[in-house]
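# Inside the fold
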Amino acid sequence: MKIGVISDTHGLFDESIVSIFAGVDLIIHAGDIGKLEVIARLEEIAPVIAVEGNNDSFGRFPVERVEELNGHRILVRHIFGELHQLRADDTQMVERVQPHVVVFGHSHRPYQEKLGSTMLFNPGSAGPRRFSLPRTVGMLSLIRSGVEAEIVSLA
């Protein structure tokens, strides 16, 4: 199963996403959507699951969700720490839920690291450029032997 992962669009839909996500089975939006038309455009490519971020107030999406996809448990929430900034409640949630992957956004920084057997994955920001951070999206491949992740530049 191939999943396009996007976050922090802040209302911007970059047309290059259409070709980057062509052929994915699903798209995950990890919050700070900005405008519902971003979700509508993503839904033209593939089914979308989304969470609301700290800048969203649609009331249409949860702030956190757990999905079982192709034999893998995926936890999606907008705000989650990188290893060096994990809070106790983040670690406890991973211990309780035991996801294979935590998909998150918020920092606008692409990030991939392991917390035990759980992959922490932030696709970065696909929205307007912020600071000197790159504009990126992610791809997850859920295969029988595990999860493969990739960061894709929108440059």
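Along every chain, residues carry numbers that run from 1 in the direction the sequence is written. Two thresholds apply to this predicted model, a pLDDT of at least 70 for residue-level local features and 80 or more for giving and counting side-chain atom pairs, whereas whole-chain, interface and lining totals are computed over all residues. Hydrogens are left out, water is left out, and the side-chain values use all remaining heavy atoms of the structure.

## Details of the side chain of D56
Here a strand is any run of E in DSSP of at least two residues, a helix any run of H or I of at least four, and the numbering for each starts at the N terminus. With respect to the element layout, D56 can be found in the loop between β3 (48-50) and β4 (64-69). Each residue's exposure class comes from its accessible area (1.4 Å probe, protein chains only) as a fraction of the maximum for that residue type: buried when under 20%, exposed when over 50%, partly exposed otherwise. Just so you know, the count uses Lys and Arg for positive and Asp and Glu for negative, and it drops His and the chain ends. In the sections that follow, a salt bridge refers to a side-chain nitrogen of Lys or Arg positioned within 4 Å of a carboxyl oxygen of Asp or Glu. Although D56 lies buried, it forms no salt bridge, and the closest oppositely charged side chain, R60, sits 11 Å away as judged by the N-O distance. Only 2.8 Å separates the side chain of D56 from the backbone nitrogen of D32, close enough to count as a polar contact. For the purposes of these results, a polar contact is taken to be a pair of N or O atoms within 3.5 Å, where, inside protein, one atom must be able to donate a hydrogen and its partner to accept one; residues adjacent in sequence count only when each atom of the pair is a side-chain atom. Within the local environment of D56, its side chain forms a polar contact with the backbone nitrogen of G34, the two atoms lying 3.0 Å apart.

## Brief notes about the environment of T91
Along the polypeptide, T91 turns up in helix α3 (residues 88-97). Distance in space between the C-alpha atoms of T91 and V66 is 15 Å, their sequence separation being 25 residues.

## What about helix α2 (residues 36-43)?
Those residues of α2 that fall on the buried side of the exposure criterion are V38, I39 and L42. Projected down its long axis, α2 carries its buried residues within an arc of 100°, all on one side. In this fold, the buried residues of α2 make contact with β1 (2-6), α1 (16-20), β2 (26-29) and β3. Here, the arc refers to the directions that run from the helix axis to the C-beta atoms. Here, residues are in contact when the closest pair of their heavy atoms is within 4.5 Å.

## A closer look at the packing of aromatic side chains
Between rings of Phe, Tyr and Trp, where Trp is taken as its six-membered ring, a pair exists when centres lie within 6.5 Å; planes separated by under 30 degrees are stacked, by over 60 edge-to-face, and by other angles tilted. Applying the stated rule across the entire model yields two aromatic pairs. Ring geometry for F80 versus F104: centroids 5.8 Å apart, planes at 50°, classification tilted. Pair noted here: F80 is in the loop between β5 (72-77) and α3 and F104 is in the loop between β6 (101-103) and β7 (110-115), with a separation of 24 residues, a long-range link. Given the relative accessible area of 1%, F104 is considered buried. Cluster of aromatic residues (ring-pair linked, three or more members): F80, F104 and Y111.

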